[in-house]
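Chain residues, written in single-letter form:
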Amino acid sequence: MADFITSETFEDRLRFAITAAWGIFARKVGGKLIPLNKEASMQLQYAYILRQLLPLTIYSKAETADIELETGVKTSRGSNEIDILLKGESPNGHHAIAIELKCYRQRASSGGMRGAHDIFMKDVYEDLAILEEYVRLDHAHKGVALVMNDLPRFVNPTQRTGKCWTYDISHGYTFNGGTLDVPIGGKDIHIELQKAYNFNWSKFGDFWFMELEGH
């Protein structure tokens, strides 16, 4: 950990701040210090923690860092908004890391039980695809997906029956890249991933948390 904090490379320090903020966020949510009822509150609470850490990444007056929420960009699908865009400047140039967030709670913010398990699983893969596209289109140099949920069968399923498991997000699963096109929710799907992803969850309190970056 110290190697990343004291890295001579500013981009490495920015990337580590994302992981450090996610670890703090997860423990605070697990400890019931941060209340969450939907994805918007997840975004705001995480962004607040990340912004507080950014000064710790700066070792020179020539380095600056900040975040933007819901930055609009053009993609092959039209217009899209990056959940959080971490931007930095240093003598080595501009650095940008795109962050997409996903949150699933068994109870919706209205208090009722939430369905759409299959859509959430598919959406995790769609986030990975759009992050790859942000990098290809030079909107960002890296992309990171941050995912949390409170449904045990996403993480440790007793069985994998049903077409939704094409979009497997269970603990220990590895997706090695490729095309996913199994329809979900009555809609045609076409997702292409160039990179491989390892799905590893950590549990804090009643929630599971995962950080994904392609390799």
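The rules behind each value
Residues numbered from 1 in each chain as written. Predicted model: local features only at pLDDT ≥ 70, side-chain atom pairs only at ≥ 80, totals over all residues. Heavy atoms only, no water. Pairing = 2+ DSSP bridges. Helix = DSSP H or I, 4+ residues; strand = E, 2+ residues; numbered from the N terminus. Axes fitted to C-alpha atoms, helices over the stretch in contact; angles between N-to-C directions. Contact = heavy atoms within 4.5 Å. Buried < 20%, exposed > 50% of the residue type's maximum accessible area, 1.4 Å probe, protein only.

Enquirer: Can you break down the sheet that holds strand S9 (residues 202-204) residue by residue, with the values?
Expert: Reading across from one edge, S1-S2-S3-S4-S10-S9 is the order of the six strands in this open sheet, with mixed pairing throughout. Each edge of the sheet is formed by a strand with only one pairing partner; in this case those strands are strand S1 (64-75) and S9. When the angles between neighbouring strand axes are averaged without regard to direction, this sheet yields 30 degrees. When strand S4 (residues 142-149) meets strand S10 (residues 207-212), the two strands line up antiparallel, connected through five bridges. Bridge pairing links Asn149 to Trp208 in S10. Docked against the sheet, helix H2 (residues 10-30) engages S1, strand S2 (78-90), strand S3 (93-104), S4, S9 and S10, running at close to 5 degrees with respect to S4. The strands touched by helix H3 (residues 39-53) within the sheet are S1, S2, S3 and S4, with S3 carrying the most contacts at an inclination of about 145 degrees.

Enquirer: How would you summarise the side chain of Lys122 if you had to cite specific residues and measurements?
Expert: Relative to the helices and strands, Lys122 is located in helix H4 (residues 117-136). Given a relative accessible area of 11%, Lys122 falls into the buried group.

Remember that the coordinates give geometry; whether it matters functionally is a separate question.
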